Amino acid sequence: VGEGLLTWLLPDVSPPELERLRKVITALRLLRDDARRQEGRVASPWPLAAVELERLVRDRRRRAIESLLEAELVAHSSADSFLDLGAAQADSLEALRELLESPSPALPAAGLSMRERVEHWISAGRDAGASERWVDYWRARVRHVFGPPAAAERGWRRAFLRARGEAAGAALLARLLSGWVAARLERYQPLAACALCSGEEVLARRDAGLRRLFGWSALLSGQAALARELLDSGEAPSVPRPIAEFRESHPEWSALLAGPVRLARGAAQEGHAPSLRSLGAELLIIVGGGPHAPRVVRMEATTGVRAAVQRNVRAGRLLPSEARLSSRAYRGKPGFDCLGGERVVAVARVALPGCRLGEAWLQVECAHALLPSRAQLEALARTLSAPRPAGERPEAVAARAAASALAQGFLAGLDVPREVRATWLQPGEGGLESMAESGPAPASTTSGPRGIVARAANGEPARHAGEPQEVLWTEASAGVALPLLARGGRRVLAVLVLESRRKEVLDRISVEAVARRLSEHERCWWWAAVRDEHRRQVGRELHIDDRARWWTCAEERALAAPEGQRVFLVTGPRGSGRCTLARALAFRLAGVHGQSSRGHILRLDGLEPARLLRSVEEAADSSRLWLIATRRRGELERALERLGRPPGDPVEIVVPPLSERRAEIPGLVRGLVEEAQRRQRLRTSIPDESLALLFRQRWPGNVGEVRALVEDLLVGAPLEIGASCVRAALEARGHPPCESLGAASVDEIAAAMAVTRHRNGNANLARAARYLGLAAETLSARLRQGGRAAGVSGAGS
Amino acid sequence: MSRDTRPTLAPGTAALLHGSPSAVLARIVPNDPLGLRARIAAECEGRALLFDVERALLHVQALVALLAGRWRGEPALEEWVTERVKEGLEDVLQSEASVVLGAGAAARLCAPLELDAARLGGACSNFNRLPEGARRAFFALVLEGASPDGWARRSGRPLGELLRVLRRALEPFRAATSVRTGPAAAQVAERRA
């Protein structure tokens, strides 16, 4: 090829690359000449042709099996599924013919179930020489169609990581990633789906199906510009129902979301009760209607949205049933009864046969635009109205006598009507045992509260009138069982049973208030149980290590206060955990002094003077008052004066900012990541380098800032939170990452030494130096100069 | 620029297609009585495709042998064979780099020029997925050495667009020739040594 043409085409190419390119073009010319040459050729050797024939037979058989597998899965998949559907029905007939004409068709036996047929085809594919990756891919697809979305996501993730580890081709990786993204979309996590595609952008831009899913994820998570860039005007083979319904509501997107709506072959998913988490929503509310005035039957909401909903409910914005005509509405549509603020809303009618309200409305509000389709929402509503299947009987844990004191304290503090009787049940050696009771003295009590644990596992208050074997108090005609669950949510630590003589159901608002108090109680219960257990086994108080030294001081200070001490002042910067500490101490003091009331916690931050005084007046009758404040003395003194007593000596407990108790940071980050892992079923690793980087930051926003950062990191890097991700996230938040604590104080050095110790208790100087961003020699020198004198030991414990 | 050299079938060729796939294969491989190689070469030239004709021939021969038993005289044999050739070539175009550039051609072409056969096969595979206009322009200007002005005049497209199309067609080969480290590069270096 002429030098001129190449330099004209590629003016910026370097001479060595030009040389390589010329060689390639020479090879291509030879290839073309080879094709043209007819004479002097040697015929294909027979053995090679025979091998090719065998390979072709195997390939065609495998492709036929793939078509049949597709046909089976398509027949079962829901129209709401985001999974890319493959072969059409006609192709599967052709595939069946292909198999029938082969020497060993290996068709499934008659009478097999769909699942068994699918397994048969996968085995047949393996027999036809398919690789393990092929089997992984199809197993993941089968799990996606037959299992819940969370299991599907786990399956795709495993298959993708395995294929990537084995350096599989880009086409297979793209198909596996498509499945993973589809599973995330089916879990109503468009933002997470979008983040997954962004991390694999090369793959996402190469494969048309994956690119389309990327575009949909971007659109549904509110990134319109990215969605426009990714989606082209070509027609998709099929469009899932949620996308089709979005297209109906947004005609301006119809050109980019073109394609026939997926046929409803399989049923919309039923059997899983909808929850805030499963729908990726911010508000899930059931509003009862029928002949009665509208009222809230059940509500799950995130913290920010809950307040808005309560405001709207108080303002009477609950529309009656007749007004709820639309099944969905998006932002900017005026007049719709969006209760949680400016959100995307979907509504479906629910029949509630056991609730006397007759009919109700399930309303879902999301911050993103991925709503369940109408059919899906109606299926979920049907699930709500259907009788609950008996849940798996949870594991019971042995009761500890010491915990009964806490239970008594809790019951004494409950604010329930007089005719309601509360019973605290804890698993003991003979099953559930009544540990404490409140309310009117029972005329008679039946023992053997079987069924309560199973009902409590559902997590939903349930009437038990008409179920005599579950009634504790024979005069009761209605009641609910509220579980106190262990951390994982699978173990019932105790059950609180509320029963009433009245014939109608218990007042739901009171029950919800009790349930809230119970959930607040959980952490204190765990902590008390741990301490009791330690005291029983070891014979002394639980020793808290250096990392929680400030907590020990705070607890000792609170316990040293006289029994009549009324006002406690918890000061510290915002987000440092003052309220958590106050709750824990209040509970601890109530237990120690055998008091029923834990007192009132009053947060003074940011309250306007008038509001502050009103709050103080409301709390004036409280036996103990926990004031949460920053160090603004004026506000505090005014508040104390208003309490009718001189600003004497409230016991002051200081919570230091997170930057002064850095030793907690690694544990806090690990805890937050583990919590997210449990929630999202992800296995995220966080290398020591990232923990060291997080350890060095200033954290002006304290714990709240750490939590927000970890949540961002988990969205951006769900598999491994590397140091580069942490740096990028810090920079995105406007905090340049601190790479070295050059002027580390003795406390900071001590914190680094404490968190980096070997398991045997010896110091790990190199690791501590990494945490501080110092050279090991520098750290040694610092320790020699002053660290040892301040109690920081370089060796030994 | 395409040269249609498709052969016509001699009378009685249909008899070759009777029997089991192995038997048919044994008849159509020696001397290529169906003229499959010439048909493949013509198709390759006509559609401006780059692949190893010998490797594609193996696949098409196997396909014809496998499907011969399904031919019932309709359509005419000539048409049926042409359809199988096109089907076989589609398979090759969708398959991996080692099929696009077979081992024989790789040894013949790449070794003397010190090129990485796998990367060149992958580049050919990517080239074959480009729009036909880009492929034709590449064939005419780069492989045949035609004048850009003349080609632009004949095709009725502006020279600037031609330039853009040619750059796009060259892109797979540029990617294949970019310097990289790894096992393939080590193999090339080893061969060079």
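The rules behind these values
Residues numbered from 1 in each chain as written. Chains lettered and ligands numbered in written order. Predicted model: local features only at pLDDT ≥ 70, side-chain atom pairs only at ≥ 80, totals over all residues. Heavy atoms only, no water. Helix = DSSP H or I, 4+ residues; strand = E, 2+ residues; numbered from the N terminus. Contact = heavy atoms within 4.5 Å. Areas by Shrake-Rupley, 256 points an atom, 1.4 Å probe, with all protein chains shown as cover. Buried < 20%, exposed > 50% of the residue type's maximum accessible area, 1.4 Å probe, protein only. Pairing = 2+ DSSP bridges. Core = buried A, V, L, I, M, F, W, Y, C linked by side-chain atoms within 4.5 Å. Phe/Tyr/Trp six-rings, centres within 6.5 Å; stacked < 30°, edge-to-face > 60°. Lys NZ or Arg CZ within 6 Å of the ring centre and 35° of its normal. Buried area = accessible area lost by both parts, 1.4 Å probe. Salt bridge = Lys/Arg side-chain N within 4 Å of Asp/Glu carboxyl O. Polar contact = N/O pair within 3.5 Å; in protein donor to acceptor, adjacent residues only side chain to side chain. Patch = residues over 30% accessible without salt bridge, like charges linked within 9 Å, V, L, I, M, F, W, Y side chains within 5 Å. pLDDT = per-residue confidence, 0-100. Arc of directions from axis to C-beta. Axes fitted to C-alpha atoms, helices over the stretch in contact; angles between N-to-C directions. Parallel < 35°, antiparallel > 145°, perpendicular 65-115°, else oblique. Left-handed = near helix turned anticlockwise from the far one by under 90°.

Further remarks concern the overall build of chain A. Counting its secondary structure elements, chain A contains 29 helices and 14 strands. For chain A, the proportion of contacts with a sequence separation of at least 24, taken over those separated by at least 6, is 66%. For chain A, the exposed surface amounts to about 37600 Å²; the carbon and sulfur share of it is 52%.

It is worth spelling out the overall build of chain B at this point. Of the regular secondary structure elements, chain B holds 11 helices and zero strands. Secondary structure elements of chain B occur, N-terminal to C-terminal, as α-α-α-α-α-α-α-α-α-α-α. The buried share of chain B, reckoned over its 193 residues, is 51%. Taking contacts inside chain B between residues at least 6 apart in sequence as the whole, the part at least 24 apart equals 69%. Taken as a whole, chain B presents about 8700 Å² of accessible surface, with 54% of it coming from carbon and sulfur.

Before going further, it helps to examine the pairing of strand β14 (residues 651-654) of chain A. On any regular strand, side chains alternate: one points to one face of the sheet, the next to the other face. All names here are of chain A. Where burial is concerned, the two faces of β14 differ: the one with Val651 and Ile653 is buried and the one with Glu652 and Val654 is not. In the sheet, strand β11 (residues 567-571) pairs with β14 via four bridges, with the strands oriented parallel. The residue of β14 that forms the bridge with phenylalanine 568 is valine 651.

Before going further, it helps to examine the nonpolar core. Membership of the largest hydrophobic core comes to 79 residues, with the highest contact counts inside it found for Trp156 and Val181 of chain A. Non-local contacts of valine 181 of chain A, meaning those with residues more than four positions away in its chain, are made with Ala193, Leu196, Cys197, Leu210, Leu213 and Ser217 of chain A. Within the second largest apolar cluster, 44 residues are counted, among which are Leu5 of chain A together with Leu101, Ala105 and Ala140 of chain B.

What follows concerns the packing of aromatic side chains. Residues and elements named next belong to chain A. Summed over the entire model, instances satisfying the criterion amount to 12 aromatic pairs over all chains. Arranged with centres 4.4 Å apart and planes meeting at 15°, the rings of phenylalanine 568 and tryptophan 626 form a pair that is stacked. Taken as a pair, phenylalanine 568 in strand β11 and tryptophan 626 in strand β13 (residues 625-629) lie far apart in primary sequence, 58 residues in all. Side by side, phenylalanine 568 and tryptophan 626 carry an identical accessibility label, which is buried. Feature note: the residues Trp134, Tyr137, Trp138 and Trp156 constitute an aromatic cluster, connected by ring pairs. Just above the ring of tyrosine 137 sits the side chain of arginine 175; from NZ or CZ to the centre is 4.5 Å.

Quick look at the interface of chain B and chain A now. If you look at the interface, chain B gives 54 residues, while chain A gives 43 residues. Taken over both partners, the interface formed by chain B and chain A buries close to 4600 Å², and the fraction arising from carbon and sulfur atoms is 64%. Its largest share of buried area at the contact with chain A, chain B owes to Arg37, Arg70 and Arg174 of chain B, together 14% of the area lost on that side. Linking chain B with chain A are five salt bridges, by the criterion used here. With its nearest N and O atoms 3.4 Å apart, the salt bridge here joins glutamate 87 of chain B to arginine 60 of chain A. Inspection of the region where chain B meets chain A yields eight residue pairs in polar contact (both at pLDDT 80 or more). If you list the elements that add at least two residues to the side of chain B that touches chain A, you get α1 (21-28), α2 (36-46), α3 (53-67), α4 (77-94), α6 (103-113), α7 (117-128), α8 (132-143) and α10 (159-177) of chain B. When residues of the side of chain B that touches chain A are assigned to their parent elements, the largest contribution, 11 residues, is made by α3 of chain B.

Okay, a nonpolar patch on the surface next. All names here are of chain A. On the surface, Leu96, Leu100 and Leu107 cluster together into a nonpolar patch covering about 240 Å² of accessible area. Summarising the element assignment, leucine 107 is placed in the loop between α4 (89-101) and α5 (114-127). Judged by relative accessible area, which is 37%, leucine 107 ranks as partly exposed.

Residue and element names in this part refer to chain A. In this fold, serine 221 is placed in the loop between α11 (208-220) and α12 (224-230). Reaching out from serine 221, the side chain makes a polar contact with the side chain of glutamine 223 at a distance of 3.3 Å. Residues within four places of serine 221 in sequence aside, it is in contact with Pro190, Leu191, Cys194 and His368.

All names here are of chain B. Averaged over all residues, the pLDDT of chain B is 78; the fraction at 70 or higher stands at 83%. The secondary structure element of chain B with the lowest average pLDDT is helix α11 (residues 183-192), at 45, and the one with the highest is α3, at 88. With pLDDT under 50 throughout, residues 180-193 is counted as low confidence; its partners more than four residues away or in other chains account for 10 contacts. Our summary of model confidence lists the complex with pTM equal to 0.52 and ipTM equal to 0.80.

With that out of the way, let us pick up α1 of chain B. For an α-helix, 3.6 residues make a turn, and residues three or four places apart therefore share a direction. Every buried residue of α1 of chain B is accounted for by Val24, Leu25 and Ile28 of chain B. Buried positions in α1 of chain B, seen along its axis, are confined to an arc of 100° and lie on one side of it. Looking at the buried residues of α1 of chain B, the elements they touch are α3 (46-76) of chain A together with α3 of chain B.

All names here are of chain B. One can describe the packing of α1 onto α3 by two numbers: an axis separation of 8 Å at closest approach and a directional angle of 135°. Viewed along their axes, α1 and α3 adopt a mutual orientation that is oblique. Note that α1 runs across α3; the crossing there is right-handed. Residues Pro21, Val24, Leu25 and Ile28 of α1 pack against Gln61, Ala62, Val64, Ala65 and Leu66 of α3.

Take the sheet that holds β13 of chain A next. All names here are of chain A. Within the open sheet, the four strands sit side by side as β12-β13-β11-β14. Their pairing is parallel. The sheet is open, and its two borders are formed by β12 (600-603) and β14, each paired with just one other strand. Pairs of neighbouring strands in the sheet enclose a mean axial angle of 20°, with direction left out of account.

Residue and element names in this part refer to chain A. The phi dihedral of tryptophan 699 is positive, around 55°, even though this residue is not glycine. Within the secondary structure layout, tryptophan 699 lies in the loop between α24 (688-696) and α25 (702-716). Relative accessible area serves as the criterion here: at 2%, tryptophan 699 is assigned to the buried category.

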